[in-house]
Amino acid sequence: PVLAANAQATDEVLREAAAGRGALYGWQRMTLPRLAAVIAEQDLARRGLAPMSPLASEALVARVVHRLRGEGGLPRFQTVADGPGFARAVARTLLELRLAGIEPGSPGLHAPELSALLRVYEQELERAGLADRATVYRMAGAIARDRAARHPLLDVPVLILDVDAPTPAERGLI
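Bear in mind that the values here come from a model prediction, so they are computed numbers and not experimental data.

Help me understand unusual backbone geometry in this model?
As a rule of thumb, non-glycine residues mostly have phi less than zero, and peptide bonds are mostly trans rather than cis. Phi is positive for Asp 162, close to 50 degrees, though the residue is something other than glycine. For Asp 162, a relative accessible area of 75% gives the class exposed.

Written out as structure tokens, the structure reads:
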């Protein structure tokens, strides 16, 4: 496989390699999120989890925000919680926290509202049987580190080109 930051980068590298040879066979083009999804897909299915899109994550966060607002659990965000873009911003923030391995109640998480959002979001993920990108990365990383794991992509060399992996969850896969 050729692992790159985006599909265009893998295409360019493989086109250049094929230009000198006439043709190439058997190469797989992948981005880091796609690699994680492919490695984790069987484990996700075995656990009854469905991977979710960013849009689904926003919808789940909107439900979480609505629930916490009704319970008075978002005093700092009460006036902006129903504004445009709030659910999207919170969804991105929660994903970044989860990719960094930060859990609700962690000492580094000083905002009680953010901790509550993260806690309820994780409860909703579990209740709905959904896996966000952080879950997929963690599962794929665990499979990749397991010497007994048998996945076709783990038994072949991988050419890694300029892949950004800024979070612990992403680095755990590479």
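What should I look at first to understand a nonpolar patch on the surface in this one?
Taken together, the side chains of Val 156, Val 158, Ile 160 and Ile 174 define a hydrophobic patch exposed on the protein surface, amounting to about 310 Å² of accessible area. Within the secondary structure, Val 156 is located in the loop between helix 6 (133-145) and strand 5 (159-161). Residue classification places Val 156 among the partly exposed residues on the basis of a relative accessible area of 38%.

Sorry, what's going on with the packing of aromatic side chains here?
What characterises a pair of aromatic rings is the spacing of the ring centres plus the angle enclosed by the ring planes. Per the counting criterion, the structure on display carries one aromatic pair. Between Phe 77 and Phe 86 the ring centres are 5.6 Å apart and the planes differ by 55 degrees, which places this aromatic pair in the tilted class. For Phe 77, a relative accessible area of 22% corresponds to the partly exposed category.

Would you explain the confidence of the model for the protein chain in this entry?
Parts of the model with low pLDDT should not have their predicted coordinates read in detail. Per-residue confidence for the protein chain averages 91 on the pLDDT scale, and 100% of its residues sit at or above 70. Across the protein chain, the secondary-structure element scoring lowest on mean pLDDT is helix 1 (residues 7-21), at 86, and the one scoring highest is strand 4 (residues 130-131), at 98.

I keep staring at the sheet that holds strand 2 (residues 29-30) and nothing clicks. Help me out?
Paired through backbone hydrogen bonds, the strands of a sheet run either parallel or antiparallel to each other. Read across the open sheet, the three strands follow the order 2-1-5; overall the sheet is parallel. In the strand order of this sheet, the two ends are held by strand 2 and strand 5, each with one partner. In the packing of helix 1 onto the sheet, the strands contacted are strand 1 (2-4), strand 2 and strand 5, and the crossing angle to strand 1 comes to about 135 degrees.

How should I be thinking about helix 4 (residues 86-99) in this particular structure?
Structural remark: α-helix, 3.6 residues per turn; residues separated by three or four positions point the same way. When the terminal C-alpha atoms of helix 4 are compared, their 20 Å separation across 14 residues agrees well with the 20 Å that a helix rising 1.5 Å per residue should span. The set of residues buried in helix 4 consists of Phe 86, Val 90, Ala 91, Leu 94, Leu 95, Leu 97, Arg 98 and Leu 99. Where the residues of helix 4 are buried, they touch helix 3 (54-70), helix 5 (112-128), helix 6 and helix 7 (168-173). Taken from the residues just after helix 4, Gly 101 is the one with a positive phi, measuring 80 degrees.

Mind showing me how you'd approach the pattern of salt bridges here?
Throughout the structure, instances matching the rule amount to 12 salt bridges. Between Asp 43 and Arg 46 there is a salt bridge, with the nearest N and O atoms lying 3.7 Å from each other. Highlighted residues: Asp 43 and Arg 46, both in helix 2 (residues 32-46), separated by three residues, approximately one helical turn. Owing to a relative accessible area of 65%, Arg 46 belongs among the exposed residues under this scheme. The salt bridge partner of Glu 58 is Arg 88, with a shortest N-O separation of 3.0 Å. Of this pair, Glu 58 sits in helix 3 while Arg 88 sits in helix 4, and the two are 30 residues apart along the sequence. Salt bridges sharing partners connect three or more residues here, namely Arg 63, Arg 67, Glu 71, Glu 124 and Arg 127.

What counts as what
- Residue indices follow the written sequence of each chain, beginning from 1 at its first position.
- This being a predicted model, a pLDDT of at least 70 is required before a residue's local features are given, and a value of 80 or more before pairs of side-chain atoms are given or counted; all residues contribute to the totals for chains, interfaces and linings.
- In computing side-chain values, all of the structure's heavy atoms are included and hydrogens and water are not.
- In this scheme, a residue with accessible area under 20% of its type's maximum is buried, one over 50% is exposed, and one in between is partly exposed, where area comes from a 1.4 Å probe on protein chains only.
- Residues enter patches when they are more than 30% accessible in relative terms and free of salt bridges; like-charged ones are connected within 9 Å and nonpolar ones (Val, Leu, Ile, Met, Phe, Trp, Tyr) within 5 Å.
- Surface accessibility follows the Shrake-Rupley procedure with a 1.4 Å probe radius. Residue values consider only the protein chains on display as shielding.
- Throughout this description, the term salt bridge denotes a Lys or Arg side-chain nitrogen within 4 Å of a carboxyl oxygen of Asp or Glu.
- A helix here means a DSSP run of H or I that spans at least four residues, while a strand means a run of E at least two residues long, and both kinds are numbered starting from the N terminus.
- The aromatic pairing rule takes the rings of Phe, Tyr and Trp, using the six-membered ring of Trp, and pairs them if the centres are within 6.5 Å, calling planes under 30 degrees apart stacked, those over 60 edge-to-face and the rest tilted.
- The predictor's confidence in any single residue is recorded as pLDDT, a number from 0 to 100.
- When DSSP locates at least two bridges between a pair of strands, those strands are taken to pair.
- Contacts were defined at the residue level, with two residues in contact if any of their heavy atoms lie within 4.5 Å.
- Lines fitted to the C-alpha atoms define the axes, with helices restricted to the stretch that makes contact. Angles between their N-to-C directions range from 0 to 180 degrees.
- In this scheme, a helix's expected span is set at 1.5 Å multiplied by one less than its residue total.

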